[in-house]
Amino acid sequence: MVPPQPTSGGLRRRSTEEGRAAKNANKELVILTGISGAGKASALKTFEDLGYQAVDNLPLELMPEFAGLVEKSKDIERAAIVVDIREGQAFDRLPEIIKQVKLVLPTRVVFLDAQDSILVRRYSETRRPHPLKRSETVSRSIVEERQMLDSIRNVADTLIDTSRFNVHELRAEIQKRFGHEDQSKNLLVSCLSFGFKNGVPLDADLVFDVRFLPNPHFVPEFHDKTGLDPKVADYVRGFPQTEEFLAKVTDLMLYLMPHYVKEGKSYLTVAFGCTGGQHRSVMMAEEMARRLSKADYQVKPVHRDMPR
């Protein structure tokens, strides 16, 4: 018996679906939902730091259109959307809309939950009202919300119980599950030079004073140059204490930075200060940026007070 052959229309549909699947192989949409107080806002910030296009409380009727925009976009590969009971009556349609969206993009539904006692404590600590605001107590509102969320919880791809997590631990859990690359690449490091005479940078996380080095300002041929000049850099680098200092600071930074990454830090500013911010600090910031870049961190040198 000869098996039935697919029709030309069936072949076209299958070809279209296969082409779309291949095109969207690197695309991803995360729908973040769950019980109020479980940490959706903190989780969304983590997704944003991981490179996702993050949208909070997108109206449900716009979700298929948003998925289509992500599919067509050359700039957006991954997106995360928070949807919860703030949608009101429309929230009941979420399972149906998820089915539509999954036809457009690879989609994962992440449901955040926590024990009732933990949720009550969190509301007590933040003194914020429950979104339902219909019941006399937070406990009763949580019960009502669970009933509303039951259908979506059952279709979730990933369930995360945040009862035992603080903000930093939740961030680490999201990074572990959804990080697509070495998280060190998400730490942006600025090696900043400055002059103490103009004040210490307010945004500096670490400050190193390099005024212990001889000052090129008093060498006539270097007076009007900066630490970017190779001769000035060689002059500063020529002192034995310079290399010893750089070696020690490099070791310190390479020790600290993985711990900063683990704690969820996204930006780090390492400042080097000399008197005017023109010679020694500039050379140090450039050299440290080079060394940290060699260790595969995203680094940029910034010179606040260097003459333009």
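J.: For unusual backbone geometry, give the residues involved together with the corresponding values.
T.: Note: most residues except glycine have negative phi, and most peptide bonds are trans. Unlike most non-glycine residues, N57 shows phi in positive territory, near 60°. Within the secondary structure, N57 is located in the loop between β2 (53-56) and α3 (63-72). The phi dihedral of D296 falls on the positive side, at around 75°, and the residue is not glycine. With respect to the helices and strands, the residue D296 is situated in the loop between α10 (280-294) and β9 (298-303).

J.: Could you give an account of the pattern of salt bridges, naming the residues involved and the relevant values?
T.: Working definition: two side chains of opposite charge can pair if their charged atoms are close together. This structure, assessed with the given rule, holds 21 salt bridges. Between R304 and D305 there is a salt bridge, and its shortest N-O distance comes to 2.9 Å. On the accessibility criterion, R304 (30% relative accessible area) is partly exposed. You can call D305 buried: its relative accessible area is 19%. Ionic contacts of the salt-bridge type, sharing partners, join the residues D234, R237, E243, E287, R290 and R291 into one network.

J.: Describe in detail the packing of aromatic side chains, supporting the description with residues and values.
T.: Scanning the entire structure with this criterion turns up 8 aromatic pairs. Measuring from ring centre to ring centre gives 5.0 Å for F47 and Y52, while their planes differ by 80°; the resulting arrangement is edge-to-face. Of the two residues examined, F47 and Y52, each falls in the buried class. One aromatic cluster is present, formed by F208, F212, F245 and F272 through successive ring pairs. The ring centre of Y52 lies 4.7 Å from the NZ or CZ of R78, which sits over that ring.

J.: Could you give an account of the environment of M148, naming the residues involved and the relevant values?
T.: Along the chain, the position of M148 falls in helix α6 (residues 138-154). With a relative accessible area of 24%, M148 lands in the partly exposed category. Between the C-alpha atom of M148 and that of D92, which follows or precedes it by 56 residues, the distance is 7.7 Å.

J.: Talk me through the confidence of the model for the chain; I want residue IDs and the actual numbers.
T.: Mean pLDDT for the chain: 86, with 89% of residues reaching 70 or above. Here helix α1 (residues 8-23) stands out as the least confident element of the chain, with mean pLDDT 51; strand β7 (residues 206-209) is the most confident, with 97.

J.: Go over helix α5 (residues 116-126), please, and point to the residues and values.
T.: If you check which residues of α5 are buried, you get I118, L119, R122 and Y123. Projected down its long axis, α5 carries its buried residues within an arc of 135°, all on one side. Away from its buried face by more than 90 degrees, α5 exposes S124 and E125. In the segment just after α5, R127 is the residue with positive phi, at about 60°.

Calculation notes
Residues numbered from 1 in each chain as written. Predicted model: local features only at pLDDT ≥ 70, side-chain atom pairs only at ≥ 80, totals over all residues. Heavy atoms only, no water. Helix = DSSP H or I, 4+ residues; strand = E, 2+ residues; numbered from the N terminus. Salt bridge = Lys/Arg side-chain N within 4 Å of Asp/Glu carboxyl O. Buried < 20%, exposed > 50% of the residue type's maximum accessible area, 1.4 Å probe, protein only. Phe/Tyr/Trp six-rings, centres within 6.5 Å; stacked < 30°, edge-to-face > 60°. Lys NZ or Arg CZ within 6 Å of the ring centre and 35° of its normal. pLDDT = per-residue confidence, 0-100. Arc of directions from axis to C-beta.

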